[in-house]
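Summary of the model geometry
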Amino acid sequence: MQGLVPTATDGNMATEFHNLQELRHSASLANKVFIQRDYSEGTTCKFQTKFPSELESRIERTLFEDTVKTLNNYYAEAEKIGGQSYLEGCLACATAYLIFLCMETRYEKVLKKIAKYIQEQNEKIYAPRGLLITDPIERGMRVIEISIYEDRGSSGSSSGSSSVSGSTAR
Amino acid sequence: MSAVMITRKVRKWEKLPGKNTFCCDGRVMMARQKGVFYLTLFLIVGTCSLFFAFECPYLAVHLSPAIPVFAAVLFLFVMAMLLRTSFSDPGVLPRALPEEATFIEMEIEAANGNVPAGQRPPPRIRNVQINNQIVKLKYCYTCKIFRPPRASHCSICDNCVDRFDHHCPWVGNCVGKRNYRYFYLFTLSLSLLTIYIFTFDIVHVVMRSVDNGFLNTLKETPGTVLEVLVCFFTLWSVVGLTGFHTYLISLNQTTNEDIKGSWSGKNRIQNPYSHKNIIKNCCEVLCGPTYPSVLDRRGLMQEDSPVSTTCTAPPSSSSIAAPQTTVSTDTNAAPSSFTHTNSKVDQGCEAQNNEYRADIKESCNQLYRVLERRKNVCVKRRAISCVSTYCSCLYPFLIVQLNETAFLRSTNIYVISHLCSKPKKYLHILNNAVPKSLSSMLLTIIQTLQVVSVTLLRFL
C-alpha cells in the first residue's frame with residue numbers, strides 16, 4: 001500500500017487520510033483494546049457493542065457501534081441456517097465434499113467481504129484517528145483487536161487529527 | 001560484538017504450539033499418535049479388498065453386477081469421510097498473543113479485587129447468560145484464554161478445540177466443530193458398509209454351499225472367514241457408536257458434555273443450545289455452515305534467527321539457551337524475551353547488564369514454573385493414556401475423553417489428597433460427576449481403571 005489515498009470526499013478537503021504503512025512507522029503503539037464476544041445468543045459469532053473507555057477520547061461512540069453492528073450482521077449472514085445452507089450441505093455431501101476443492105463456501109465468501117469492509121473502515125475512519133482494527137479471524141474469532149497509536153510526530157499532526165475528528169461527519 | 005539476524009520466511013504451521021503433526025506443507029493436520037489410525041485404514045482397506053477379490057466375482061455373475069459397484073461407491077465414500085475427518089483442523093482455537101493474555105489477566109485481577117496474602121485466588125470463571133441459562137466459561141492456563149462455550153482443551157493435542165466432542169484415536173485427530181459431521185458420516189457409512197459386506201458374505205456362502213458344500217466353499221474362498229470375523233466385531237462397536245452419536249445430534253449435545261453430565265440431572269441447567277426440536281437439531285449439526293479454519297497454517301511469517309553472536313554475555317544466558325530450544329513452543333512470552341535480552345546484552349554498561357540479568361532471572365523462573373506444571377501433566381498423561389488405550393481397544397464405542405473428565409479430575413484429587421494425607425473422598429466425587437444415564441457396570445469399570453492408573457502413577 002504505497003501513496004496517499006485521495007482526499008476529496010464529499011467536498012471535504014480538510015480530511016487527511018493516513019496511509020496505514022505511514023501510521024505504523026511514524027506512530028508508536030500505545031495500547032490495545034480487545035472487544036470480547038457476546039455469547040447471549042449462543043455460540044454464533046457476535047461481538048459486544050459496549051464502548052470501551054480507552055476509546056472515549058479517540059472516536060465517537062456511534063461510529064464504533066456502527067462498525068461492530070455491521071460486523072455482527074456479516075457474521076450472522078455467514079452462519080445463517082436456512083435454505084441455501086441446506087442446499088450447499090446436501091450437494092456437498094452427495095459429492096463426498098469434493099466439491100469444496102473447486103467451490104468456495106458461503107462462509108469464505110462472507111469472510112472476504114468482511115476483510116474488505118475492515119480495510120475500508122481502517123482507511124476511512126480509524127487510521128485518521130490513530131486507531132487500527134485487526135480482522136477477528138487473525139485472532140481466532142475471539143476478539144476484535146483495536147490498536148491505539150500515539151503519534152510521535154509534531155503537535156501539528158495531532159491538532160490536524162483533532163480537526164479531522166471534528167469535521168468528518170458520516 | 002555483533003549478532004547477525006537472518007530473516008527467513010517460514011509457514012505458520014511450523015511455529016504453531018500444540019502437539020499436532022503437519023504434512024504436505026501444512027495442508028494435513030493430525031494428532032501425534034497415528035498408530036491406531038493406520039490400523040483403521042488397514043482394516044477397512046484390507047476387508048474391502050478381500051471382499052472385491054473373493055465375493056464380488058461370484059456375486060456379480062450369479063446375482064447382479066450392481067453389487068460390487070455399490071460396494072465400491074460406499075467404500076470410496078467411507079475413505080473420503082475418514083480422510084477428511086483425520087486430516088482437517090477440528091476447530092482449534094489459537095492461543096492468546098501476549099498482549100491479549102495480559103489484557104485478560106488485568107481484567108481478572110480487577111474482577112477479583114484484593115486477595116489477602118496466603119489465600120488461594122478464586123478460580124478463574126466467567127459467567128455468561130445464554131438463552132436465559134447461566135453458563136460458566138473456564139479459563140485455560142495453557143492457551144491463556146477464557147474458553148468459548150462448548151470449547152474444551154484436548155490434553156493429547158494440547159489445543160483448545162471449539163465444540164469439542166472427543167479425541168478419537170481411530171481417526172487420529174480430535175473431533176470438534178469443523179469435522180464432526182464428517183466423523184458422523186464416516187461412522188454411518190462404515191456401519192452401512194459393514195452390514196453390506198456381512199450380508200453379502202452370508203449370501204455368498206449360502207449360495208455357494210448349495211452348489212458345492214459348506215467346507216468346500218470355505219476352502220475356495222478363505223477370505224470370507226476373515227471378513228466375517230472383522231465385520232462381526234466391527235458391527236457391534238461401529239453401529240453402537242453411530243447410534244450413540246445420532247442420539248447426541250438429536251439433542252444437540254457433544255460427547256464431552258454427555259460424559260460430564262453438563263445438562264442432565266434435576267438441579268442442572270437444561271441444554272441452552274438445543275432447539276428442542278429433533279429435526280432442527282439434526283439440521284443444524286449436519287447441514288449447518290462449514291466453518292473456516294482460524295489457524296492460518298499455510299500463511300507466511302518472518303522468523304528472525306541469530307546466526308553468529310560474539311557478545312560478552314553474562315554466564316546465565318548460556319543456561320537459558322538450552323531450555324529455549326526444548327520448550328520454545330510452551331510459552332509465547334518467554335522466547336521473545338530471551339532473544340530480546342540477547343541483542344540488548346551487546347550494548348551497555350554494567351548497570352544495564354545487571355538489569356538484564358534480573359530480567360533473565362524472572363523469565364527463567366516463569367519458564368521453570370511452566371515446565372513444572374507440564375512435567376506433572378506429562379507423567380500423569382502417559383500413565384492414563386496406557387489405560388485408556390486398553391479401554392478403547394476393548395470398548396471402542398466408549399472412548400473416554402482424558403482431559404477434564406471426572407476421571408482425571410478425581411484422579412488428581414486422589415493423588416493430591418493422598419500426598420496431603422487428607423481423607424479420600426474421591427469415590428464420592430466420582431459418583432457425583434458421572435451422569436446417572438451411564439450404567440453401574442460402566443461405573444465399576446471406571447473405578448477399577450482409576451485404581452489401576454493411580455497405582456501406575458506411583459511407579460512413574
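As annotated in an unreviewed UniProt entry, chain B carries the name Palmitoyltransferase and is attributed to Stegastes partitus. The record in UniProt for chain B states the following under Catalytic activity (unreviewed entry): "L-cysteinyl-[protein] + hexadecanoyl-CoA = S-hexadecanoyl-L-cysteinyl-[protein] + CoA". Heading Sequence similarities (unreviewed entry) of the UniProt record for chain B holds this comment: "Belongs to the DHHC palmitoyltransferase family. ERF2/ZDHHC9 subfamily."

As annotated in an unreviewed UniProt entry, chain A is Golgin subfamily A member 7/ERF4 domain-containing protein from Amphiprion ocellaris. In UniProt, chain A has this text filed under Subcellular location (unreviewed entry): "Golgi apparatus membrane". Per UniProt, chain A has the following entry under Sequence similarities (unreviewed entry): "Belongs to the ERF4 family."

1. Some points on the overall build of chain B
When helices and strands are counted, chain B shows 14 helices and 12 strands. Looking at the 460 residues of chain B, the share that counts as buried comes to 45%. For chain B, restricting intrachain contacts to residue pairs at least 6 apart in sequence, the fraction spanning at least 24 positions comes to 68%. By element, 64% of the accessible surface of chain B is carried by carbon and sulfur atoms, the whole surface being about 23900 Å².

2. Brief notes about the nonpolar core
Within the largest apolar cluster, 42 residues are counted, with the highest numbers of intra-cluster contacts made by Tyr97 of chain A together with Ile44, Met81, Leu82, Phe186, Leu190 and Leu193 of chain B. Of all the secondary-structure elements, those providing two or more residues to this core are strand E3 (28–31), helix H1 (35–62), helix H2 (66–87), helix H4 (180–212) and helix H6 (223–251) of chain B. At 11 residues, the largest contribution of residues to this core is made by H4 of chain B. Those residues in contact with Met81 of chain B that lie beyond four places of it in its chain are Ala96 and Tyr97 of chain A together with Tyr182, Leu185 and Phe186 of chain B. Core analysis: the next-biggest nonpolar cluster, separate from the first, contains 29 residues, Phe64, Tyr107 and Ile133 of chain A together with Val294 of chain B among them.

3. Thoughts on the environment of Thr254 of chain B
You can see Thr254 of chain B is positioned in the loop between H6 and helix H7 (255–260). The contact partners of Thr254 of chain B, leaving out residues within four places of it in the chain, are Arg150, Arg163, Phe164, Asp165 and Leu248 of chain B.

4. Structural notes on the state of the cysteines
Residues and elements named next belong to chain B. A complete count under the given rule lists zero disulfides over all chains for this structure. You can see Cys56 has no disulfide; the closest cysteine sulfur is in Cys48, sitting 9.3 Å from it. For Cys56, a relative accessible area of 6% gives the class buried. Left without a disulfide partner, Cys168 is nearest to the cysteine sulfur of Cys174, which lies 9.9 Å away. You can call Cys168 buried: its relative accessible area is 4%.

Criteria and thresholds
- Residues numbered from 1 in each chain as written.
- Chains lettered and ligands numbered in written order.
- Predicted model: local features only at pLDDT ≥ 70, side-chain atom pairs only at ≥ 80, totals over all residues.
- Heavy atoms only, no water.
- UniProt positions renumbered as here; feature names shortened; annotations may be inferred.
- Helix = DSSP H or I, 4+ residues; strand = E, 2+ residues; numbered from the N terminus.
- Buried < 20%, exposed > 50% of the residue type's maximum accessible area, 1.4 Å probe, protein only.
- Contact = heavy atoms within 4.5 Å.
- Areas by Shrake-Rupley, 256 points an atom, 1.4 Å probe, with all protein chains shown as cover.
- Core = buried A, V, L, I, M, F, W, Y, C linked by side-chain atoms within 4.5 Å.
- Disulfide = S-S within 2.5 Å.

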